[in-house]
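# Breakdown of the fold
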Amino acid sequence: LVSLNHLTMQNAEGTTVDLYIPRKCSATNRLIQAKDHGSVQINIAHVDANGTYTGAYTTVALCGFIRQSGAGDAALTRIWDEKQRNELKGQ
């Protein structure tokens with residue numbers, strides 16, 4: 001009989017790290033469960049005035065509930081518009 005309680009995940013420096021890092025839905029601000037197989041994480045590329053990728057991106061996570069209810073595209077548009085508005089206020 002082998003006990004798995006002593007197994008840990010370590011990085012290259014030897015620091016113990018978690019096996020699962022929870023994400024939050026960008027639309028509802030709820031935690032995305034590990035078993036939520038309908039959830040997606042989307043990286044939106046930032047481009048300059050010429051349409052060239054700048055190397056930066058914005059990550060948006062949507063839970064399966066938002067996608068199943070058909071509100072994924074509206075939520076993604078709302079999140080991106082809010083980000084753009086906040087960036088304009090900061091200039």
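Residues numbered from 1 in each chain as written. Predicted model: local features only at pLDDT ≥ 70, side-chain atom pairs only at ≥ 80, totals over all residues. Heavy atoms only, no water.

### Quick look at the nonpolar core
Soluble, globular proteins show a tendency: their nonpolar side chains are buried together. Core analysis: the biggest nonpolar cluster contains 10 residues, these being Cys25, Ile32, Ile44, Val60, Ala61, Leu62, Cys63, Ile66, Ala75 and Ile79. If you list the elements that add at least two residues to this core, you get β6 (53-62) and α2 (72-90). In terms of residue count, β6 provides more of this core than any other element does, three residues in total. Those residues within four positions of Cys63 in sequence are excluded, and the remaining contacts are Cys25, Thr28, Arg30, Ile32, Asp36 and Ser39. (Core = buried A, V, L, I, M, F, W, Y, C linked by side-chain atoms within 4.5 Å. Buried < 20%, exposed > 50% of the residue type's maximum accessible area, 1.4 Å probe, protein only. Helix = DSSP H or I, 4+ residues; strand = E, 2+ residues; numbered from the N terminus. Contact = heavy atoms within 4.5 Å.)

### Some points on the side chain of Thr58
Take Thr58: it is sitting in strand β6. Overall, Thr58 belongs to the buried group, its relative accessible area being 14%. Within the structure, the side chain of Thr58 is placed 2.6 Å from the side chain of His46, a separation counted as a polar contact. For Thr58, the residues in contact, after removing those within four places along its chain, are Ile42, Asn43, Ile44, His46, Trp80 and Lys83. (Polar contact = N/O pair within 3.5 Å; in protein donor to acceptor, adjacent residues only side chain to side chain.)

### Section: a nonpolar patch on the surface
Where nonpolar side chains cluster on the molecular surface, the patch consists of Met9, Val17, Leu19 and Tyr20 and spans about 410 Å² of accessible area. Among the structural elements, Tyr20 can be located in the loop between β2 (16-17) and β3 (23-24). (Patch = residues over 30% accessible without salt bridge, like charges linked within 9 Å, V, L, I, M, F, W, Y side chains within 5 Å. Areas by Shrake-Rupley, 256 points an atom, 1.4 Å probe, with all protein chains shown as cover. Salt bridge = Lys/Arg side-chain N within 4 Å of Asp/Glu carboxyl O.)

### Topic: the side chain of Ser39
Of note, Ser39 is situated in the loop between β4 (31-32) and β5 (40-47). At 3.3 Å, the side chain of Ser39 and the side chain of Arg23 are in polar contact. Of the polar contacts made by the side chain of Ser39, one reaches the backbone oxygen of Asp36; its length is 2.9 Å. The contacts of Ser39, once residues within four sequence positions are left out, are Arg23, Ile32, Leu62, Cys63 and Gly64.

### Things to note about the pairing of β5
Sheet topology note: the β5/β6 ladder contains seven bridges and is antiparallel. Bridge assignment links Val40 to a residue of β6, and that residue is Leu62. Between β5 and β6, which follow one another and run antiparallel, lie five residues, and Gly51 among them has a positive phi close to 85°. (Pairing = 2+ DSSP bridges.)

### A word on the packing of aromatic side chains
Under the counting rule described, the total for this entry stands at zero aromatic pairs. One cation-aromatic arrangement involves Arg30 over Phe65; the distance from NZ or CZ to the ring centre is 5.0 Å. (Phe/Tyr/Trp six-rings, centres within 6.5 Å; stacked < 30°, edge-to-face > 60°. Lys NZ or Arg CZ within 6 Å of the ring centre and 35° of its normal.)

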